[in-house]
Amino acid sequence: MTEARTRADGGMETSYGFRQVADGEKQDLVNDVFHKVAKRYDVMNDVMSAGMHRVWKDAMVSALNPRKDAGYRTLDVAGGTGDVAFRIVEASGRLAHVTVLDINGSMLGVGSERAVKQHLSDNLTFVEANAESLPFDDNSFDAYTVAFGIRNVPHIDVALKEAYRVLKRGGRLLVLEFSEVEMPLLERFYEQWSFKAIPRFGKMITGEAEPYQYLVESIRKFPNQENFAAMIRTAGFSRVSFTNYTGGIAALHSGWKL
Ligand SMILES: C[S@@+](CC[C@H](N)C(=O)[O-])C[C@H]1O[C@@H](n2cnc3c(N)ncnc32)[C@H](O)[C@@H]1O
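Residues numbered from 1 in each chain as written. Predicted model: local features only at pLDDT ≥ 70, side-chain atom pairs only at ≥ 80, totals over all residues. Heavy atoms only, no water.

When helices and strands are counted, the chain shows nine helices and 10 strands. The C-alpha radius of gyration computed for the chain amounts to 17 Å, which stays within 12% of the reference 18 Å derived for 258 residues, consistent with globular compactness. Each principal axis of the C-alpha atoms in the chain carries an extent, and together these give about 45 × 40 × 35 Å. The burial tally for the chain puts 52% of its 258 residues in the buried class. (Helix = DSSP H or I, 4+ residues; strand = E, 2+ residues; numbered from the N terminus. Rg over C-alpha atoms; globule rule 2.2 N^0.38 Å. Buried < 20%, exposed > 50% of the residue type's maximum accessible area, 1.4 Å probe, protein only.)

Under the defined criterion, the tally for this structure stands at 14 salt bridges. Arg151 is the salt-bridge partner of Glu177, the closest N and O atoms lying 2.7 Å from each other. Here Glu177, found in strand S8 (residues 167-178), pairs with Arg151, found in the loop between strand S7 (141-147) and helix H6 (156-166); they are 26 residues apart in sequence, far enough to count as distant. Each member of the pair, Glu177 as well as Arg151, is classed as buried. Measuring nitrogen to oxygen at the nearest pair gives 3.0 Å for the salt bridge that ties Arg220 to Glu191. With Arg220 in helix H8 (residues 210-221) and Glu191 in helix H7 (residues 184-206), this residue pair connects regions lying 29 residues apart in the sequence. Judged by relative accessible area, Arg220 falls into the partly exposed class, the value being 27%. One salt-bridge network, held together by shared partners, links Asp42, Lys57, Asp58, Asp83, Arg87 and Arg114. (Salt bridge = Lys/Arg side-chain N within 4 Å of Asp/Glu carboxyl O.)

This next bit is on the sheet that holds S7. One key point about sheets: their strands pair by backbone hydrogen bonds, in either a parallel or an antiparallel sense. Read from one edge of the open sheet, seven strands run S6-S5-S4-S7-S8-S10-S9, paired in mixed fashion. Every other strand in the sheet has two partners, leaving strand S6 (124-128) and strand S9 (238-245) as the edge strands with one partner each. This sheet shows a mean twist of 15° between the axes of neighbouring strands, independent of strand direction. Examined bridge by bridge, strand S5 (residues 97-102) and S6 share five bridges and lie parallel to one another. Bridging across to S6, Leu101 finds its partner in Val127. Of the strands in this sheet, S8, S9 and strand S10 (250-257) touch helix H9 (residues 225-234), which is tilted by about 155° from S9. (Pairing = 2+ DSSP bridges. Axes fitted to C-alpha atoms, helices over the stretch in contact; angles between N-to-C directions. Contact = heavy atoms within 4.5 Å.)

What follows is about the site of the ligand. Neighbouring the ligand are 22 residues, the closest being Gln27, Ala78, Asp102, Ala131 and Ala147. At a separation of 3.0 Å, an oxygen atom of the ligand approaches a polar side-chain atom of Lys57. Its free accessible area being 590 Å², the ligand has 99% of it covered by the protein chains. At the level of secondary structure, the elements contributing two or more residues to the shell around the ligand comprise helix H1 (26-37) and helix H2 (41-49). It is H1 that contributes the most residues to the shell around the ligand, three residues altogether. (Near = heavy atom within 4 Å. Polar contact = N/O pair within 3.5 Å; in protein donor to acceptor, adjacent residues only side chain to side chain. Areas by Shrake-Rupley, 256 points an atom, 1.4 Å probe, with all protein chains shown as cover.)

For the rest of this paragraph, the subject is the packing of H1 against H8. It is at 9 Å that the axes of H1 and H8 come closest, and there the two elements cross at 125°. In this view, H1 runs oblique relative to H8, as classed from their interaxial angle. For the pair H1 and H8, the sense of crossing is left-handed. Contact residues: Lys26, Val30, Val33, Phe34, Lys36 and Val37 in H1; Pro211, Tyr212, Tyr214 and Leu215 in H8. Split into classes, the residues belonging to the contact of H1 with H8 amount to eight nonpolar, no polar and two charged. (Parallel < 35°, antiparallel > 145°, perpendicular 65-115°, else oblique. Left-handed = near helix turned anticlockwise from the far one by under 90°. Nonpolar A, V, L, I, M, F, W, Y, C, P; charged D, E, K, R; others polar.)

Burial runs high along helix H4 (residues 83-91): seven of the nine residues are buried. Among the residues of H4, those classed as buried are Asp83, Val84, Ala85, Phe86, Arg87, Ile88 and Val89. Where H4 is buried, its residues meet helix H3 (52-64), strand S4 (73-77), S5, helix H5 (105-117), S6 and S7. Phi turns positive one or two residues past the end of H4, at Gly93, with a value near 70°.

A few words on the packing of aromatic side chains. For the structure on display, the rule yields 10 aromatic pairs. For the ring pair Trp56 and Phe178, a centre distance of 6.1 Å and an interplane angle of 90° mean the geometry is edge-to-face. Of this pair, Trp56 sits in helix H3 while Phe178 sits in strand S8; the two residues are 122 residues apart in sequence, bridging distant segments of the chain. Since its relative accessible area comes to 12%, Phe178 is described here as buried. With a centroid separation of 5.8 Å and an interplanar angle of 50°, the aromatic rings of Trp193 and Phe201 are classed as tilted. (Phe/Tyr/Trp six-rings, centres within 6.5 Å; stacked < 30°, edge-to-face > 60°.)

Bringing the side chain of Gln225 into the picture now. By the secondary structure assignment, Gln225 is in helix H9. Here Gln225 falls in the buried class, since its relative accessible area comes to 3%. At a separation of 3.1 Å, a polar atom in the side chain of Gln225 contacts the side chain of Ser179. For Gln225, the residues in contact, after removing those within four places along its chain, are Ser179, Glu180, Glu182, Phe242, Asn244, Gly248, Ala251 and His253.

Structure follows, in structure tokens:
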């Protein structure tokens, strides 16, 4: 689990991959990871997931089924280079507007360059901010999406409360995240792939193995499907459900603000 806990000296600590770090330290360490990988992030996503992240993100956007309407507003949190946001805009017939929010300017920089190249700057706004303190009014968005981002946020409960606050009544939360593999054979292969292959590919492609070691460790520390669904309910969401993708390697969680 990822919750903060009290140290012997009374300070709080939280998990950073398999390590426990001081509560205030995790975000800086995470930011360092994504500053280092930003330029190679998209290519590494293909390598790490053998291209599957594209299939899972497409499935997420199909589940969202964005309205083909210029008034439809989505907030894509921890949106990084905008991979999900671009898909939402395309699925809406280039009508919807997506705000891509991320704490890391290097990741957003890659996304905003891509938006210019694809002539989608009018549909996308890039905002550098923390998921735990969203710079938006209550009841502002029709949908809130976050893909492979929430496990990096130090206080997930705070981020989920913020999601609830900024969604309109009737608005939808969708969270795509790595999850608990439910097939023993697949689990064994996935374990080898994650801990042996991914850090090696990371080193070959980006020159750094450590960020990828963190990423695979952080997946193991993230709550499983049932526990994460419970956290979403605690934040106030209704009709909470999840769908496993590829035997649970990833899962899409859904909730509504009713
Ligand atoms: C694995 S990337 C996911 C990017 C994108 N959603 C995707 O699926 O390709 C995780 C992102 O979470 C961002 N992040 C980490 N902590 C955050 C926070 N507290 N608030 C907002 N974004 C955060 C990182 O900067 C990084 O861009």
